[in-house]
Structure formats: C-alpha cells, structure tokens
Amino acid sequence: MKQVKILAIESSCDETAAAVASGLPVKILSSVVASQIKLHQKFGGVYPEMASRAHAEKIIPVINRAVSNRAISNRAKKYFDDIDVIAVTAGPGLIGSLLVGVNAAKTLAYALKKPLIPVNHIEGHIYANFVSENPPPSRLLKKGLRPLLSVRATAGQPLAENPQFPLIALTVAGGHTALILMRRHLDYQILGETLDDAAGEAFDKVARLLNLGYPGGPAIEAAASKLSTNNRQLTTKLLRPMIDSDDFNFSFSGLKTAVLKIVKTKKFNKPALAGEFQEAVSDVLTTKTLKAAQKYQAKSVLLGGGVAANQNLREKLEHQIKKYTDAQIFIPQLSLCTD
Ligand code: KG4
Ligand code: ZN
C-alpha cells in the first residue's frame, strides 16, 4: 500500500512549524520549528500582534526548509511532488497567528491541487503520542542551511508500539486543559475541562507573580529545581483545587490567588513556593487522570500539550498509572510536547 505523505503546518501560538510525515505507522521525515520565545520574552508573555508578524515572516522559509530537508535525504524527489495531503492547525489558538498557517496551507493546497485537512490543536497534542522524533541530524547542519530564528530541524522513526483503545488523554497547555476518553481513532468524549484557567496559564501567571519570566512553565520548573531538601518546609502547603470533586473538571485560578497572597506577605522562599505550586498542579492532574483511567478501564493513558514537558508531572503520572492500573502510559518526548 502506498504510504501517504503529509505536509503539516502549525502556527497557532508562538512557534512557526512545518513537518513532512508518512504513515501508518507515522514516520516524521522532517520537522522544522522556528520559536518566537526571544521575541516575546521582554513582554513577559505572548504579544499577539508580534506573533502574527513573526509567523508571516517565517512561514515560507519554515515550509521550504521542511520539504527540502527531507529532499536532502531523498535526492530524487522534487520538493513538493510527492506530498499527498496538506494538514494545518485550524484552532484553537491566537486568531492572527492561526490565519498565517491556514492561509499558507490553503494557498499550497490550491496551487498543488492537494486535499487540505484542518486539524484541531488539541487533537494534535493527543496524536503526538503516536510519533517520535530523532535528534537533529548533524548532516543538515553541515549543509550550511541559513539559520532562522532558533530553528530546530529533526526527523524520526515510527513508534514500536502505538497506544491502545479505550484510552484516556490528558491534554494540558496554555490555552486549555482537558481529560478526554477515546474509544477509537478520531472519536473524542470530553470527560472534563478547566472551569477557569488552563494549567499552562496558571504556570505562566504564577511565574509572573514570582518574577520568573516567560514561558512560565519551564521557569517554574527551573526555580523549583534549585530547592534544597532542607528548604522544603519553607512554604505553606497550597490547596489542591477540586482534587476530590466527583467530576473530571479542573480549576486552577484559586491556586494562583493563593500564591499571590503568599507573595504579598513578602515572606517566602521562591524555589519552595515554585516547587509546591508545581506539586499541587501535578497532584490534581494525576489524581483525576488516574480516576478516569480506572473508571473507563483504559488500556492506555496519554499525556500531551506544553505542560506535559514538566518533569514533575511526567514522573508522578507515570508512577501512579503504573502502580494503580494495567494501562500503558504514553508521554511524548519533550520536543513533541509543545506546539
Ligand atoms: O501546547 P503549548 O506549547 O501551547 C498552547 O497550546 O498553549 O503549551 C504552552 C504552555 C505554556 O503555558 C507553558 O508555560 C507550558 O505550556 N509549559 C510548561 C512547561 N513547558 C511549557 N509548563 C510546565 N512545565 C514545563 N516544563
Ligand atoms: Zn498547544
């Protein structure tokens, strides 16, 4: 059977990305990401207008790089000739950012007469668990390709084993937090969502309260790692919002307010508070995911989204799922957690 080749385009927030993949099982032939982190850092968060402009600047070079990187390892092929389908993140995301990727994808699909597939951002985070990526092949760097804004270019091999259904997916990012039941491919039952702030949004807001900068998640994780064991008692225990509620919803805005109150006292240890916040978020996410896995007798549990890069959450979830269920746990490698 012919392997379908997909050109995938993503520009929903602060990274311009394009990849060529073939499947099934899915194999990443090339993946290029231009990050805007440096651009937004001085504002302490994503500046939407700047994000759209940077996407507009980078989208064509990033797509070109993705198709031509692949051609380096496959010299006989003309760049776009063997692409069968074009896929693009259609939302949710920043509208000005999304429009850049969607317009590029529409134009390519029209010009190349290929089908266009709009992909939901959250689906993308779930399906990151069905692929893997290799470290950048040094040969690409040797070719002297011109650097874009912090570009990462990679390729990968198919996973040895794919997740099995029914599965529970926990997707945690800056714009959403959801627990999802999947009984088969592309079939989603949302069991619970956040009632207020998303988990990543809470990380970003708490990082700002603690003057740790953007993006908040990695900054909090780094601050917490500076915590020495004898400092662990230096902070008040934070609440674990909705941890015992009998639904699968979440709430993180109270946690942010609790941190604010402590910050206002000016008597706190930053690494200890960052560590306790991270623990609180991981505890709630892990407990609810475990409950859902047990209730629906999941064969697999999947983690996805930017917050899935958090080591504390990765370890806690893996440990609990392995200890209390027969489900297999899937966590994307770090490079496939964010957009
Ligand atoms: O999926 P993503 O790249 O974009 C959205 O869909 O929003 O996720 C970005 C979010 C940000 O809120 C960021 O602070 C968070 O993911 N994040 C992390 C970590 N890395 C990124 N949160 C906790 N720990 C991390 N290591
Ligand atoms: Zn995302």
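Because the structure is a prediction, the values reported are computed rather than measured.

Student: Got a minute to help me understand the coordination of the zinc ion (ligand 2) in this structure?
Tutor: Six octahedral donors at a metal ideally form angles of 90 or 180 degrees, and four tetrahedral donors ideally form angles of 109.5 degrees. All of the protein donors around the zinc ion (ligand 2) are His121 (NE2), His125 (NE2) and Asp339 (OD); their distances to the metal are 2.0 to 2.1 Å. Each donor residue of the zinc ion (ligand 2) lies on one chain, and together they are spaced H-x3-H-x213-D. With His125 in helix α4 (residues 121-127) and Asp339 in the segment after β11 (328-330), the pair connects residues that are 214 residues apart, well separated along the chain.

Student: Is there a simple way to think about the nonpolar core in this case?
Tutor: Among soluble globular proteins, nonpolar side chains are generally buried collectively. Core analysis: the biggest nonpolar cluster contains 46 residues, and Phe277 and Leu285 have the highest contact counts within it. Within the residue set of this core, elements represented by two or more residues are β7 (167-172), β8 (177-182), α6 (199-209), α7 (216-225), α8 (253-264), α9 (270-295), β10 (300-304) and α10 (311-324). Element by element, the count of residues in this core is highest for α9, at 10 residues. Beyond its immediate sequence surroundings of up to four residues, Phe277 is in contact with Ala202, Phe203, Val206, Ile220, Leu238, Leu255 and Val259. By size, the runner-up hydrophobic cluster in this structure holds 20 residues, among which are Ile59, Ala66, Ala104 and Ala109.

Student: Mind showing me how you'd approach the confidence of the model for the protein here?
Tutor: Averaged over the protein, the pLDDT score is 90; the fraction of residues at 70 or greater is 90%. Across residues 137-149, confidence stays below pLDDT 50; counting only partners more than four residues off in sequence or on other chains, it has 23 contacts.

Student: Explanation requested: the packing of aromatic side chains in the structure shown.
Tutor: Each aromatic ring pair is specified by the distance between its two centres and by the angle formed by the two planes. Across all of its chains, the model carries five aromatic pairs by this definition. When the centroid spacing of 5.1 Å and the interplanar angle of 80 degrees are considered together, the rings of Phe203 and Phe277 count as edge-to-face. Note that Phe203 is positioned in helix α6 and Phe277 in helix α9, a separation of 74 residues in sequence. Comparing Phe203 with Phe277, the two get one shared label, buried. With 6.4 Å between their ring centres and 50 degrees between their planes, Phe248 and Tyr296 make a pair best called tilted. With a gap of 48 residues between them, Phe248 in the loop between α7 and α8 and Tyr296 in the loop between α9 and β10 connect regions that are remote in the sequence. Among the residues examined, Tyr296 registers a relative accessible area of 21% and is labelled partly exposed. The ring centre of Phe250 lies 5.9 Å from the NZ or CZ of Lys288, which sits over that ring.

Reading the values: rules and limits
- Counting from 1, residues in each chain are numbered in the order their sequence is written.
- Here every chain gets a letter starting at A, and every ligand a number starting at 1, in the order they are written.
- For this predicted model, a pLDDT threshold of at least 70 governs which residues receive local features, and a threshold of 80 or more governs which side-chain atom pairs are given and counted, while totals over whole chains, interfaces and linings are taken from all residues.
- By convention in this description, side-chain values take in all heavy atoms of the structure and omit both hydrogens and water.
- Each metal's donors are the N, O and S atoms within 2.8 Å of it, or within 3.2 Å when it is Na, K or Ca, and because water is not part of the set, sites may look incomplete.
- Strands here mean DSSP runs of E at least two residues long; helices mean DSSP runs of H or I at least four residues long; both are numbered from the N terminus.
- Among the buried residues, those of types Ala, Val, Leu, Ile, Met, Phe, Trp, Tyr and Cys that are joined through side-chain atoms within 4.5 Å form a nonpolar core.
- Three exposure classes are used, based on accessible area relative to the maximum for each residue type with a 1.4 Å probe and protein chains only: buried under 20%, partly exposed in between, and exposed over 50%.
- Residue contacts are defined here by distance: any two heavy atoms, one from each residue, within 4.5 Å place the two residues in contact.
- The predictor attaches a confidence to each residue, called pLDDT, with possible values from 0 through 100.
- Side-chain rings of Phe, Tyr and Trp (the six-membered ring for Trp) are treated as a pair once their centres are within 6.5 Å; stacked means planes under 30 degrees apart, edge-to-face means over 60, and tilted covers the remaining angles.
- For a Lys NZ or an Arg CZ to count as sitting over a ring, it must be within 6 Å of the ring centre and within 35 degrees of the ring normal.

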